[in-house]
Amino acid sequence: MWRFLWRSIDRFSLQYFKHVITELQKIKVVDMYNRELVVDLLQSIVEIVTYGDRQDSQIFECFMERQVLAEFVRVLKISKNSRIEAPLLQYLSIMIQNMDSEYAIYYCLSNDYVNNIITHPYKFDVGDLAQYYISFLRSVSNKINGDTLCLLVKVHGDAVVSFPLYSEALKFTQHGEKMIQTAIRALTLNIYNVSDDMVYQFITTPPFSKYFSDLVHSLKEQCIHLDNLVHALEEMGINQRRKELLLKTDRLVDDLYYLKDILCVGETRLSNVVTQNVINLLLFPILHPLLQLRQSGGSNLSPITSLYIVSCLIQVIGGKSIVNYVAGVLLYPYMSSSVRDAWEACLSSAVFNHFNDMEKSPCSTKSEGAESVNGSPLCRHFPEGRILDLILSDNHSLSLASLFLLLTLTESQDLEDKLASMVSLSAMQHAPQVMEESILVKFMPQILNALLNVLASEPPTTVQIKWHTGWFLRKLLIFQGIRLDEHNFHLFNNSFERSCICVEKELDGCWFDHIIDVLRNEWASCKTALEESSQSKDPLFLLEFTICQITDGDATSSHVAWQRMVDVVKVFILHLQLKAFISKGEFLEKSSLDSIVVLPFDSAKNLASGLSSASFGSEVSLASGIPCRIAFSNAGTRDIYLIPVARGISGKLLLVEKHPFRSQRGVVIAIAPLAGLSVSPDTVKL
């Protein structure tokens, strides 16, 4: 009604704005009867103020003079179950988001108006109010800077005693809505990037420093759930487990990137509290069972999940403290006294506090000979040779996962020089005294032998594991000078010959005529996988090793036969490429494929050609036939072989009856077109 009476006046005029304010000031209580009127008034005010901030300074002068923000606070207080809070917060968010002038932003954040709105006792169990509230908080955080942050905090002496924008936001960190969690993280990063000395002190001391330990505890819980999923073999199929695995790892990696963003702020106290929590609450409990420490209270994660998590931490978060801590723990048994001293010196005192607490624990147990190395309490927590035991393990997944972690460390720019020399690959091309320190150099023949054993292994070792093994081999051979010792060279040649034999067997299979097509299709994929850079290699493949279990199923199943043929061809391609790399130092291009494989597949081409020209009554080989039993109306049930023949977009299905005198031959009794292919009138003959 009131808008109808004022429709002849410009809605964005100063006169109209004053009238809207007056109407709002007349409201003494907000209930369900006048709620729509109040919402309409609030909307009009926000629209006019947003316009005035850009177009008419008099409107914003009136906004300040009439203390309109105080009216917003008053509306909240006089609301009687009207649910006015959600639209009020929504309109305030819109107004703050659209303010351009620093003068307007400064005014809105001053006089405690925003703090009073933030600390109002909302009932978040009603509707979607929480989303509007967090959206409002985020809008405010987007507008703060070094000059305006002080307007939102209360200071006593030299210390911040209250910061509602931050403290109220943290109450929603465990909210179930993904949108709210994302907004909270954006808000906190906005604050961290503009905070001053007093605010950083407020954030990084109890009780608010608990936020960072809660983040790491949440990560630890995710790790446990992830580990349960990886090993839940009986509860769901491979495809479903892989889908769940992607969801859980995506969330975990997102959380790690959030911690990385906090560290990138570059404030010392903030970085220290995050790093200390990551090392003490996550890294140490994960490395504890992995390295078979004797202290109780570990995370009980499986080794493969532990290696995945630590690899992700190094790749995503990194940083000198975390990288050198992990490297020191893994390499401690191989350190000289000087390297041990350097490592202990480079770690923060916060890390050692964890070990000191362990020393005081009644369940702490000394290892034999622990006091023999400089009397350091650290050495009694690390067993001899564990990381190499993992790399040289008969468990292929564990071997590759531990080697991946070590290679990830070697490429970190944060690794301290003396530790870097212990895992250096490039040391093979440099000074002999450096070579002696590198455990990768020292044990390279054994490591290459372990990888070649994986390459030569039979099922259940999957094609995925073998392709990743090829990636490791290429990487190590580059720094090895592309040389294998006599024993390892012989081992590779035997593996190569077995891959050739497996392909030849598939020439007698039902999918023989697709072998060359699969070879061409998978060629580029294999080369890409082998040449993938370490930085872009997702550690997720470590977990996929565990869930990609081979199930034989029905040995006569066409689907199983197809997958077996594809896997055999992929392994064959891998061996071809590695053979070329070992002999020439480079991979084969697709253009050379025809000259390389034409001879082994001549028989496949000839056999396919014979079947393509087969007609009713022809005698053909049964080598590629699929045995089945078919009931005929006039001839009863007979043993028949199905032979599919396809070329491009045309194909046919041969029904062949076994020859009475020649066991490996049969007679074509029917021909039909393959479904989905182009059909000509003469392809159907019964």
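Along each chain, residues carry numbers from 1 onward, in the same order as the chain's sequence is written. Only residues with pLDDT of at least 70 get local features here, since the model is predicted, and only at 80 or more are side-chain atom pairs given and counted; chain-wide, interface and lining totals rely on the full set of residues. Only hydrogens and water are removed before side-chain values are computed, so all heavy atoms of the structure are retained for them.

- The name given to the chain in an unreviewed UniProt entry is FPL domain-containing protein, with Salix koriyanagi as the source organism.
- UniProt positions are given in the numbering used here, feature names are shortened, and annotations may be inferred rather than shown by experiment. The record held by UniProt for the chain lists under Sequence similarities (unreviewed entry) the comment "Belongs to the CLEC16A/gop-1 family."

## Remarks on the side chain of S79
Argument step 1. Relative to the helices and strands, S79 is located in the loop between helix 5 (68-77) and helix 6 (85-97).
Argument step 2. Note on contacts: a residue pair qualifies if any of its non-hydrogen atoms lie within 4.5 Å across the two residues. Apart from the residues lying within four places of it in its own chain, the contact partners of S79 are V30, I84 and E85. Think of it this way: any DSSP run of H or I at least four residues long counts as a helix, any run of E at least two long counts as a strand, and we number them from the N terminus.

## Things to note about the packing of helix 2 (residues 14-25) against helix 4 (residues 57-65)
Argument step 1. Angles run from 0 to 180 degrees between N-to-C directions of axes, and those axes are lines fitted to C-alpha atoms, restricted for helices to the stretch in contact. Relative to each other, helix 2 and helix 4 sit at 20 degrees, their axes nearing to 10 Å. Our classification of the angle between helix 2 and helix 4 gives roughly parallel. The element helix 2 and its partner helix 4 pack so that their crossing is right-handed. Counting all contacts with helix 2, which are made through L14, F17, K18 and I21, the residues of helix 4 involved are Q58, I59, C62 and F63. Working definition: roughly parallel below 35 degrees, roughly antiparallel above 145 degrees, roughly perpendicular at 65 to 115 degrees, and oblique for all remaining angles. Working rule for handedness: look at the near helix, and if it is turned counterclockwise from the far one by less than a right angle, call the crossing left-handed; if clockwise, right-handed.

## Quick notes on the packing of aromatic side chains
Two numbers describe a pair of aromatic rings. These are the distance of the centres and the angle of the planes.
Argument step 1. Aromatic pairs are defined between Phe, Tyr and Trp rings, using the six-membered ring for Trp, whenever the two ring centres lie within 6.5 Å; interplanar angles under 30 degrees are classed as stacked, those over 60 as edge-to-face, and all others as tilted. Evaluation of the coordinates by the stated rule reveals 25 aromatic pairs.
Argument step 2. Taking 6.3 Å as the distance between ring centres and 45 degrees as the angle between the ring planes, the aromatic pair formed by F404 and W471 counts as tilted. Here W471 lies in helix 26 (residues 463-480) and F404 lies in helix 21 (residues 396-410), a separation of 67 residues in the sequence. Per residue, the accessibility class of F404 equals that of W471, and both read buried.
Argument step 3. Geometrically, the ring pair formed by W471 and F472 is edge-to-face, given 5.0 Å between the ring centres and 80 degrees between the ring planes.
Argument step 4. Taking the relative accessible area as the measure of exposure, W471 reaches 2% and is therefore buried.
Argument step 5. Ring pairing ties together the aromatic residues F163, Y166, Y192, F202, F208, Y211 and F212, which thus form one cluster.
Argument step 6. Only when the NZ atom of a Lys or the CZ atom of an Arg is both within 6 Å of the ring centre and within 35 degrees of the ring normal do we say a charge sits over the ring. The side chain of K537 reaches across the aromatic face of F541, ending 4.7 Å from its centre.
Argument step 7. Above the ring of W467, the side-chain terminus of K570 is found at 5.0 Å from the ring centroid. Partly exposed describes any residue whose relative accessible area lies between the buried limit of under 20% and the exposed limit of over 50%, with all areas from a 1.4 Å probe on protein chains only and scaled to the type maximum.

## Things to note about the pairing of strand 2 (residues 159-162)
Argument step 1. A pair of strands counts as paired when DSSP detects no fewer than two bridges linking them. For strand 1 (residues 154-156) and strand 2, the ladder comprises three bridges, and the chain directions are antiparallel. Considered in strand 2, the bridge of V155 is made with V160.
Argument step 2. The loop that links strand 1 with its antiparallel partner strand 2 comprises two residues; one of these, G157, has a positive phi angle of about 70 degrees.

## Looking at the environment of E506
Argument step 1. When you line up the elements, E506 lands in helix 27 (residues 486-506).
Argument step 2. Through-space distance from the C-alpha of E506 to that of V569 is 9.0 Å; in sequence the pair is 63 residues apart.
Argument step 3. If we skip the residues at most four places from it in the chain, E506 touches F512, I515, A561, R564, M565 and V568.
Argument step 4. We call two N or O atoms a polar contact when they sit within 3.5 Å, provided that within protein one can donate a hydrogen and the other can accept it, with sequence-adjacent residues counted only if both atoms are side-chain atoms. Separated by 3.1 Å, the side chains of E506 and R564 make a polar contact.

## Examining unusual backbone geometry
Argument step 1. With an omega dihedral of 5 degrees, the bond running from P206 to P207 counts as a cis peptide bond.
Argument step 2. Non-glycine residue N81 carries a positive phi angle of around 55 degrees.
Argument step 3. As for its placement among the helices and strands, N81 is situated in the loop between helix 5 and helix 6.
Argument step 4. Of note, D112 is a non-glycine position whose phi angle comes to about 65 degrees, a positive value.
Argument step 5. Note that D112 resides in the loop between helix 7 (102-109) and helix 8 (113-118).

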